[in-house]
Amino acid sequence: MEYILHTCRGDLSVEISIKDVKSLRLKVFPDAKIKLSAPLGTPERFIIDFLNQKRPWIDKQLSAFSQTTAVEKEHFIRSGTSTRILGRQLAIKVIPSTRKQIIRDDRWLLIYTPVPNDQDDVDRQFTNWWQKKSKQYLLQQLEKMYPVVQKYGVPMPDLRVKKMQTLWGSCSRRYHVINLNYYLYKAPVACVEYVILHELLHFLYSRHDKNFYEMLTIIMPDWQERRRLLDYEIVLGV
């Protein structure tokens, strides 16, 4: 189901999903996608009224993303743009060199390349570097958090890092795999820890029930603040 909503960015389509959820959940994404989850049986008129009521809020989030596009989602990599790694904004500089290399410090992401004017090649170099570094870091964090469930006899899960549209993480109890979003490497460390712990606990509790949240709260009392920060940093939702 879709609904066309007039916003500060023009007429945008709202993707509406009817799910087994307890309340309406509205999210705005950096690429101006808008998604709404609604409980089963919610009247269509109620959904439309809700979206129109939330239009000022949606405009505010769209405006916030339009001011940070270079940070949130790189369309292509060049000197003068920026990216975010583990919550820190870094300026990008492409530098002519005899060999390819990417160096990161507290302020800069320096991309050395023999072909600085070949945009496709620079993009591929950045993507390959990001895939390697994000996988290394997320695996380190998974290994650090794993003892929380290891003591309950849960084997170490495999890790896959891939681009996902709406989820920061997911897990397969059947195949014993945790999937983490490629873009999670942008988020602050506290948020990364929350996502990994959340997925690990699903090997103990398959559903988001009382036991799941009680365990999550015992291990990470500030998990709600971490989740809020994650949604605010990359995806804005109510």
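This structure is a prediction, so every number in the text was calculated from the model and none was measured.

Criteria and thresholds
- Residues numbered from 1 in each chain as written.
- Predicted model: local features only at pLDDT ≥ 70, side-chain atom pairs only at ≥ 80, totals over all residues.
- Heavy atoms only, no water.
- 1 Å grid on protein atoms, 1.4 Å probe; cavity = no way out; pocket = protein on both sides within 12 Å on 5 of 7 lines; lining within 4 Å.
- Points joined across faces, edges and corners; volume = space filled by probe spheres on them.
- Helix = DSSP H or I, 4+ residues; strand = E, 2+ residues; numbered from the N terminus.
- Nonpolar A, V, L, I, M, F, W, Y, C, P; charged D, E, K, R; others polar.
- Core = buried A, V, L, I, M, F, W, Y, C linked by side-chain atoms within 4.5 Å.
- Buried < 20%, exposed > 50% of the residue type's maximum accessible area, 1.4 Å probe, protein only.
- Contact = heavy atoms within 4.5 Å.
- pLDDT = per-residue confidence, 0-100.
- Phe/Tyr/Trp six-rings, centres within 6.5 Å; stacked < 30°, edge-to-face > 60°.
- Lys NZ or Arg CZ within 6 Å of the ring centre and 35° of its normal.
- Patch = residues over 30% accessible without salt bridge, like charges linked within 9 Å, V, L, I, M, F, W, Y side chains within 5 Å.
- Areas by Shrake-Rupley, 256 points an atom, 1.4 Å probe, with all protein chains shown as cover.
- Salt bridge = Lys/Arg side-chain N within 4 Å of Asp/Glu carboxyl O.
- Lys, Arg positive; Asp, Glu negative; His and termini not counted.
- Charge placed at Lys NZ, Arg CZ, Asp CG, Glu CD.
- Pairing = 2+ DSSP bridges.
- Axes fitted to C-alpha atoms, helices over the stretch in contact; angles between N-to-C directions.

Student: Sorry if this is basic, but what is going on with the layout of surface pockets here?
Tutor: Take a probe with the size of a water molecule and roll it over the atoms, and the empty space left behind shows itself. Taken as a whole, the largest pocket encloses approximately 1500 Å³ of empty space. At the level of elements, strand S2 (10-19), strand S3 (25-28), strand S4 (34-39), strand S10 (169-172), helix H6 (189-201) and helix H8 (223-233) are the ones that each hand at least two residues to the lining of the largest pocket. In terms of residues, the lining of the largest pocket owes the most to one element, H8, which gives five residues. A per-class count over the lining of the largest pocket returns 10 nonpolar, 11 polar and 13 charged.

Student: I'm lost on the nonpolar core in this one. Help?
Tutor: Side chains that are nonpolar tend, in soluble globular proteins, to be buried together. Formed by 43 residues in total, the largest nonpolar core has its most connected members in Ile85, Leu180, Leu184 and Val192. Counting only elements with at least two residues in this core, the list comes to strand S6 (88-96), strand S8 (108-113), helix H4 (119-145), strand S11 (177-181), H6, helix H7 (210-219) and H8. When sequence neighbours within four positions are dropped, the list of residues in contact with leucine 180 reads Leu138, Leu159, Arg160, Val161, Lys162, Met164, Trp168, Gly169, Val195 and Ile196. One finds Leu12, Leu36, Leu51 and Ile58 within the second-largest nonpolar core, a separate group that totals 16 residues.

Student: Got a minute to help me understand the confidence of the model for the protein in this structure?
Tutor: Should pLDDT be low for a region, the predicted coordinates there are not to be read in detail. Per-residue pLDDT for the protein averages 88, and the proportion of residues at 70 or more is 91%. Taken as a whole, residues 68-73 scores under 50 in pLDDT and shows 16 contacts with residues more than four places along the chain or in a different chain.

Student: Sorry, what's going on with the packing of aromatic side chains here?
Tutor: Any pair of aromatic rings gets described here by the distance separating the centres and the angle formed by the planes. Counting across every chain of the model gives nine aromatic pairs. For the pair phenylalanine 212 and tyrosine 213, a centre-to-centre distance of 5.2 Å together with 90 degrees between the ring planes defines the contact as edge-to-face. Since its relative accessible area comes to 0%, phenylalanine 212 is described here as buried. Site record: aromatic cluster; members linked through ring pairs are Phe126, Trp129, Trp130, Tyr137, Tyr182, Tyr183 and Tyr185. One residue, lysine 93, lies across the ring of tryptophan 108, its end atom 6.0 Å from the ring centre. Its guanidinium or amino end placed over the ring of tyrosine 182, lysine 163 lies 4.9 Å from that ring's centre, counting from NZ or CZ.

Student: For this particular structure, what's the right way to read the side chain of glutamine 125?
Tutor: Here glutamine 125 is to be found in helix H4. Aside from chain neighbours lying at most four places away, what touches glutamine 125 is Lys100, Gln101, Ile102, Ile111, Tyr112 and Thr113.

Student: Before we go on, may I ask you to explain a positive patch on the surface in this structure?
Tutor: Judged by side-chain charge, Arg88, Arg104, Lys132 and Lys133 come together as a positively charged surface patch. Tracing the backbone through its elements, the reader meets arginine 88 in strand S6.

Student: How should I be thinking about the sheet that holds S6 in this particular structure?
Tutor: Note: strands within a sheet are paired through backbone hydrogen bonds, in either parallel or antiparallel orientation. One open sheet holds the four strands; their spatial order is S5-S6-S8-S7, and the pairing between them is mixed. The open sheet has two free edges, formed respectively by strand S5 (82-85) and strand S7 (101-104), since each of these has just one partner strand. Going across the sheet, the axis of each strand differs from the next one's by a mean of 30 degrees, ignoring polarity.

Student: Whenever I open this one, the pattern of salt bridges confuses me. Can you help?
Tutor: Opposite charge on two side chains permits them to pair, given that their charged atoms come into close proximity. Summed over all chains, the structure comprises eight salt bridges. Close ionic contact of lysine 144 with glutamate 193 constitutes a salt bridge, the shortest N to O distance being 2.9 Å. Of this pair, lysine 144 sits in helix H4 while glutamate 193 sits in helix H6, and the two are 49 residues apart along the sequence. On the basis of relative accessible area, lysine 144 is assigned to the partly exposed category, the value being 47%. For glutamate 193, a relative accessible area of 15% corresponds to the buried category. Glutamate 225 is the partner of arginine 228 in a salt bridge, and the nearest nitrogen-oxygen pair spans 3.1 Å.

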